[in-house]
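Observations on the model geometry
One letter stands for each residue in the lines below.
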Amino acid sequence: MDFSITVNLHGTSVELRQVSRERLVGRYAYGKYAALGVERMLTLFSDMGIPATFFVPALEAEMNPGLIKEIMAAGHEIASNGYALEDHSTLGDSEGAILEKARDVLAGVIGSAPVGWRAPDGLMSYKTIGLLASLGYRYDSSLQDDDHPYSLAADGGGRMVELPQNEILLDQTLFAIRQTHDRVLKNWTEEFVGLRREGCYANMTLHPRPDYGVGRASRMVMLAEFLRFIRDNGPVTFRTCADVARSAAKQAPKAA
């Protein structure tokens, strides 16, 4: 069973959708805390030998390139999460230029173009997949419509594949409604058991933020317990999204 740990690196780019940088104080400081959450994640992933995929808004990479390079140096994949968390369903003719800008910014920081993309808030236009394919992307991981990777050829994606997320394995879904740590762990464990029984692909989505993510120390303890449960109840292979996409693309049909 393939299991991907993915991280939406949402820092102050979240608050900047509402206020200017000059006003990022007080209750707008959650985004700044995300850097601490990332450091805790890197320690945990290193201790457990888990490679992860970090989906990064290019604006975050511009504001803190050192952190992105640290993540990459630790052996993790850097993928794109838009430029500044735009709603891609509303961009119209500007969408292509924004996608290209986000790709180029990340490439400038990490030294090569990202091969994966995730839509901010899961919102895309009917043109998004084709635009991503034209920019050289190999996979998208925005949707939640399957338990296995599948080809995006019919959507204009050529050899691109979709790596679906899982709503239950998304920290924001549960923490946004103030679930307790025990209940979150129970949900995650039960979902993993079900996916393993059916031989499904698992794509977990985490956030380093302290409000709707796992950035807090107590939540990181809970995450570590869950990852140990996965490791002890396999067989499971932790793989980056890029690795899963490469395998899936070999089995996907060629575009017409």
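See above for the structure.
Our subject in this report is the structure included herewith. (Residues numbered from 1 in each chain as written. Predicted model: local features only at pLDDT ≥ 70, side-chain atom pairs only at ≥ 80, totals over all residues. Heavy atoms only, no water.)

One finds Phe-3, Ile-5, Phe-54, Trp-188, Phe-226 and Leu-227 to be the most contacted residues of the largest nonpolar core, which totals 50 residues. Here the element with the most residues in this core is helix H9 (residues 217-232); it accounts for seven residues. If you look at the next biggest cluster of nonpolar residues, it comprises 12 residues, including Phe-55, Leu-163, Ala-242 and Ala-245. (Core = buried A, V, L, I, M, F, W, Y, C linked by side-chain atoms within 4.5 Å. Buried < 20%, exposed > 50% of the residue type's maximum accessible area, 1.4 Å probe, protein only. Helix = DSSP H or I, 4+ residues; strand = E, 2+ residues; numbered from the N terminus.)

Keep in mind that most residues, glycine aside, have a negative phi and that most peptide bonds are trans. Of note, the bond from Gly-234 into Pro-235 is cis; its omega dihedral lies within 30 degrees of zero at 10°. Here Pro-235 lies in the loop between H9 and strand S9 (237-238). A positive phi angle, close to 60°, is found at Leu-85, a residue other than glycine. Considering the arrangement of structural elements, one finds Leu-85 in the loop between strand S3 (77-80) and helix H5 (95-110). At Asp-121, a position not held by glycine, the phi torsion is positive, near 60°. Looking at the element boundaries, Asp-121 is found in the loop between strand S4 (116-117) and helix H6 (128-134). With a relative accessible area of 56%, Asp-121 lands in the exposed category.

One can find Thr-173 in helix H7 (residues 171-175). The sequence separation of Thr-173 and Glu-95 amounts to 78 residues, and the corresponding C-alpha distance is 27 Å.

This structure, assessed with the given rule, holds eight salt bridges. We note a salt bridge from Lys-127 to Asp-93, for which the minimum N-O separation is 3.9 Å. Taken together, the residues Lys-127 in the loop between S4 and H6 and Asp-93 in the loop between S3 and H5 connect sequence positions 34 residues apart. Of the residues examined, Lys-127 reaches a relative accessible area of 29% and is grouped as partly exposed. Among the ionic pairs, Lys-186 bridges to Glu-190, the shortest N-O distance being 2.6 Å. Placement of the pair is Lys-186 and Glu-190 together in helix H8 (residues 181-198), with a separation of four residues, close to one helical turn. Beyond isolated ion pairs, a larger network of salt bridges with shared partners links Glu-100, Arg-103 and Asp-104. (Salt bridge = Lys/Arg side-chain N within 4 Å of Asp/Glu carboxyl O.)

Buried within helix H4 (residues 65-73) we find Leu-67, Ile-68 and Ile-71. In a view along the axis of H4, the buried residues occupy a sector of 100°, so they form one face of it. Of the residues trailing H4, Gly-75 is marked for its positive phi of about 95°. (Arc of directions from axis to C-beta.)

Our focus in this paragraph is the state of the cysteines. Note on terminology: a disulfide is the covalent bond linking the sulfur atoms of two cysteines. A full pass over the atoms with the stated rule returns zero disulfides. Among the cysteines around Cys-200, which has no disulfide bond, Cys-241 carries the closest sulfur, lying 16 Å off. By relative accessible area, Cys-200 is classed as buried at 4%. (Disulfide = S-S within 2.5 Å.)

As a further point, take the packing of aromatic side chains. Enumeration over the complete set of coordinates arrives at seven aromatic pairs. Ring geometry for Phe-3 versus Phe-192: centroids 6.3 Å apart, planes at 55°, classification tilted. Within this pair, whereas Phe-3 is found in strand S1 (residues 2-8), its partner Phe-192 is found in helix H8, the two being separated by 189 residues in sequence. Between the aromatic rings of Phe-55 and Tyr-139, the centroid separation amounts to 6.5 Å while the plane-to-plane angle is 90°, which identifies the pairing as edge-to-face. Separated by 84 residues along the polypeptide, Phe-55 in strand S2 (residues 52-56) and Tyr-139 in strand S5 (residues 139-140) bring together distant segments of the chain. One aromatic cluster is present, built from ring pairs that chain together Phe-3, Trp-188, Phe-192, Phe-226, Phe-229 and Phe-238. Its end group placed over the ring of Tyr-83, Lys-101 keeps NZ or CZ at 4.2 Å from the ring centre. Sitting over the ring of Tyr-33, Arg-216 keeps its end group 4.5 Å from the ring centre. (Phe/Tyr/Trp six-rings, centres within 6.5 Å; stacked < 30°, edge-to-face > 60°. Lys NZ or Arg CZ within 6 Å of the ring centre and 35° of its normal.)

Taken by themselves, the reported measurements are silent on function.
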